[in-house]
Amino acid sequence: MVPAIHVLVPAYDEAENLPHLFARLLPVLEALGRPWELLLVDDGSTDGTGPLARELGRGYPVSVVRHDTNRGPGAAFVTGFRALLDRA
């Protein structure tokens, strides 16, 4: 099913905050009753942000794209938008 809602999250060293984000965001998205996907762009994190996001998103339409180095939030958004457009 094609997602009707796309959520793009740029993240840099956010492992400490991801459990809170996922605990609040995933139930809201599920309650909408429409297909959705969450794409997290790990912007070169060194604290395990990407692997943790994959773990927390297991069983949900959650994807993680990773930059090898920190490029800043603007570049993370560009990467995320490109990834979403490539899927369309």
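Refer to the structure above for everything that follows.
Nothing here was measured: the structure is a model prediction, and the numbers come from that model. Along each chain, residue indices are assigned from 1 in the same order as the chain's sequence is written. Residues qualify for local features only when their pLDDT is at least 70, as the model is predicted, and side-chain atom pairs are given and counted only at 80 or more; totals for whole chains, interfaces and linings, by contrast, use all residues. The basis for every side-chain value is the complete set of heavy atoms in the structure, and neither hydrogens nor water enter the calculation.

Sheet architecture is open: three strands sit in the order β1-β2-β3, paired in parallel fashion. Single-partner strands in this sheet number two, and they are β1 (5-11) and β3 (62-67). Sheet twist, expressed as the mean angle between neighbouring strand axes with direction ignored, is 20°. One ladder, built from seven bridges, connects β1 with strand β2 (residues 36-43); its direction is parallel. Looking at the pairing, Pro 10 lines up with Val 41 of β2. Contact definition: two residues touch when any of their heavy atoms are within 4.5 Å. Lines fitted to the C-alpha atoms define the axes, with helices restricted to the stretch that makes contact. Angles between their N-to-C directions range from 0 to 180 degrees. Put simply, DSSP H or I for four residues or longer makes a helix, DSSP E for two residues or longer makes a strand, and each gets a number counted from the N terminus. Most of the contacts of helix α3 (residues 73-87) go to β2, to which it runs at about 140°, and overall it touches β1, β2 and β3. For two strands to be treated as a pair, DSSP must find no fewer than two bridges joining them.

Quick look at the pairing of β3 now. Of the strand pairs in this sheet, β2 and β3 are connected by six bridges, and their pairing is parallel. Residue pairing in the sheet places Asp 43 in a bridge with His 67 of β3. By convention a crossover is right-handed if, when the strands point away from the viewer, the path from the first strand over the helix to the second runs clockwise. Once the chain exits β2 it traverses helix α2 (residues 49-56) before rejoining the sheet at β3, and the crossover so formed is right-handed.

What follows covers α2. Each residue's exposure class comes from its accessible area (1.4 Å probe, protein chains only) as a fraction of the maximum for that residue type: buried when under 20%, exposed when over 50%, partly exposed otherwise. Those residues of α2 that sit buried are Thr 49, Gly 50 and Ala 53. Buried residues of α2, viewed axially, fall in a sector of 95°; they line one side. Tucked into the core, α2 has its buried residues touching β1, α1 (18-31), β2 and β3. By definition, the arc is the one covered by directions from the helix axis to the C-beta atoms.

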